[in-house]
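Chain residues, written in single-letter form:
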Amino acid sequence: MQIITDLNQMQQRCLAAREQGRRIAFVPTMGYLHAGHRSLLEEGRKRGDLLVLSIFVNPTQFGQGEDFESYPRDLSSDAALAEAAGVDLIFAPEAQQMYPRGYATYVDVEGLTDTLCGRSRPGHFRGVTTVVCKLFTIVQPHLALFGCKDFQQLAVIRRMTADLNLPVEIVGMPIVREADGLAMSSRNVYLSPEERTRALALVDALRLAARLAHGGERSAAAIIEAVSARILSEPDALIDYIQICQKDSLEDQSVVGRDSVLLLAVKIGKTRLIDNNYLFEEV
Ligand code: AMP
């Protein structure tokens, strides 16, 4: 496994690999890797013959006052996990190389980004789509793997890839959870032990919603109300959003069905957590 920080060297390596007929599988991340990232890498290993991981805490997707500076970073333990998962190349560029002086080009997906996290984090998805588009151009992947943990992000990236005719297959992967159900996230390290316990309210709320749906409840408002009450039963929990959306358009639904996804964003103390689940699926 090789770690490459230089953007041009990375692009040359990937272009050469493509010319040799190698199938490039790509997993973009912000590092501080956990078993969720590992599941993407393992699937990428199966589907491609050159497995590329990028580690880049992308400044353009963080808003003012968000956690760009404090976002956890640990390249040496990431490299160990990556090597064990069979990664061939890690791309870990510096921000100055990705966004040099005079940088002025951004990718903006309309519509899908107006709701959910896009509403509470203005500019976030513009940063995500811009960096993913740049990474695709550098890494030249045949396929790229993303987690359903970031459900809206996956929908936005699928839209961008289709709209810009990017020759990349987008693969969505299931959410990996801790044994007690908490969705794995690099940001979970921010949680104190008490907050870590309170954070289980998110998965608990998703389970409650699935029980209601299976029990015959079809009103999105009624399910959202029950979920909201469950979340607010935790001290220090602040709801950013709880929405039930159609899985592809991300439009709010009033009557739930097989294509309904419940998405939530909740602050536990200072830590903002997101989670989601298809309403009719067990969590
Ligand atoms: P991040 O490093 O948080 O930007 O995430 C990089 C990729 O890993 C994204 O496609 C995420 O959706 C995915 N990911 C993060 N957490 C999980 C998880 N718990 N299960 C599955 N995929 C995840």
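Here's a quick rundown of the structure. As the structure is a computational prediction, the values presented were derived from the model and not from experiment.

Cut-offs used in this document
- Residues numbered from 1 in each chain as written.
- Predicted model: local features only at pLDDT ≥ 70, side-chain atom pairs only at ≥ 80, totals over all residues.
- Heavy atoms only, no water.
- Pairing = 2+ DSSP bridges.
- Helix = DSSP H or I, 4+ residues; strand = E, 2+ residues; numbered from the N terminus.
- Right-handed = clockwise from strand over helix to strand, strands pointing away.
- Expected span 1.5 Å × (residues − 1).
- Buried < 20%, exposed > 50% of the residue type's maximum accessible area, 1.4 Å probe, protein only.
- Contact = heavy atoms within 4.5 Å.
- Near = heavy atom within 4 Å.
- Polar contact = N/O pair within 3.5 Å; in protein donor to acceptor, adjacent residues only side chain to side chain.
- Areas by Shrake-Rupley, 256 points an atom, 1.4 Å probe, with all protein chains shown as cover.
- Nonpolar A, V, L, I, M, F, W, Y, C, P; charged D, E, K, R; others polar.
- 1 Å grid on protein atoms, 1.4 Å probe; cavity = no way out; pocket = protein on both sides within 12 Å on 5 of 7 lines; lining within 4 Å.
- Points joined across faces, edges and corners; volume = space filled by probe spheres on them.
- Axes fitted to C-alpha atoms, helices over the stretch in contact; angles between N-to-C directions.
- Parallel < 35°, antiparallel > 145°, perpendicular 65-115°, else oblique.
- Left-handed = near helix turned anticlockwise from the far one by under 90°.

Let us now look at the pairing of strand β6 (residues 169–173). By the bridge criterion, five bridges tie strand β5 (residues 143–147) to β6 in an arrangement that is parallel. Bridging across to β6, L145 finds its partner in V171. The handedness of the β5 to β6 crossover, carried by helix α7 (residues 151–163), is right-handed.

For α7, which comprises 13 residues, the first-to-last C-alpha distance of 18 Å matches the rise-based estimate of 18 Å (1.5 Å per residue) to within 8%. Residues of α7 that are buried include every one of F151, Q152, Q153, L154, A155, V156, I157, M160 and T161, and no others. Buried residues along α7 sit against α5 (116–120), α6 (124–139), β5, β6, β8 (260–268) and β9 (271–278). Of the residues flanking the end of α7, it is N165, one or two places downstream, whose phi is positive at about 55°.

Another aspect to go through is the site of the ligand. Around the ligand there are 17 residues in total, and M30, G147, D150, V176 and M184 lie nearest to it. Between the ligand and H37, the relevant distance is 2.9 Å, taken from an oxygen atom to a side-chain nitrogen or oxygen of the residue. Within the side chain of D150, a nitrogen or oxygen atom sits 2.6 Å from an oxygen atom of the ligand. For the ligand, whose free accessible area comes to 490 Å², the fraction covered by protein is 93%. For the shell around the ligand, the secondary-structure elements that each account for two or more residues are β2 (24–29), α2 (35–47) and β5. No other element matches the three residues that α2 contributes to the shell around the ligand. In the shell around the ligand, the residues fall into nine nonpolar, six polar and two charged.

The next point concerns the layout of surface pockets. One simple way to see leftover space: roll a probe sized like a water molecule over the atoms. For the second largest pocket, the calculated volume is near 270 Å³. For the second largest pocket, the lining is made up of 16 residues, of which I55, F56, V57, R73 and P93 are closest to its centre. When its residues are assigned to classes, the lining of the second largest pocket shows 10 nonpolar, two polar and four charged.

Packing of helix α1 (residues 7–19) against α6 leaves a shortest axis separation of 7 Å and a crossing angle of 55°. By the angle class used here, α1 and α6 are oblique. Within the contact between the two elements, α1 uses L7, M10, Q11 and C14 and α6 uses T137, I138 and V139. Of the residues contributing to the contact of α1 with α6, the split by class is five nonpolar, two polar and no charged.

Turning next to the side chain of H37. Among the secondary structure elements, H37 is positioned in helix α2. For H37, the contacting residues outside a window of four places in its chain are T29, G31, Y32 and S186.

Moving on to the packing of α6 against α7. Across the interface, α6 lies against α7 with an axial gap of 10 Å and an inter-helix angle of 55°. For the element pair α6 / α7, the angle class is oblique. Judged by the sense of rotation from one axis to the other, the crossing of α6 with α7 is right-handed. Where α6 abuts α7, its residues F125, V128, T129, V132, C133 and F136 lie against Q152, Q153, V156, I157, M160 and T161.

Taken together, the six strands give an open sheet; going across it, the order is β1-β4-β3-β2-β5-β6, and neighbouring strands pair in parallel fashion. Strands with a single pairing partner mark the edges of an open sheet, and in this sheet they are β1 (2–4) and β6. On average, adjacent strands in this sheet sit at an angle of 25° to one another, irrespective of strand direction. Contacting β2, β3 (50–55), β5 and β6, α2 crosses the sheet at an angle of about 155° to β5.

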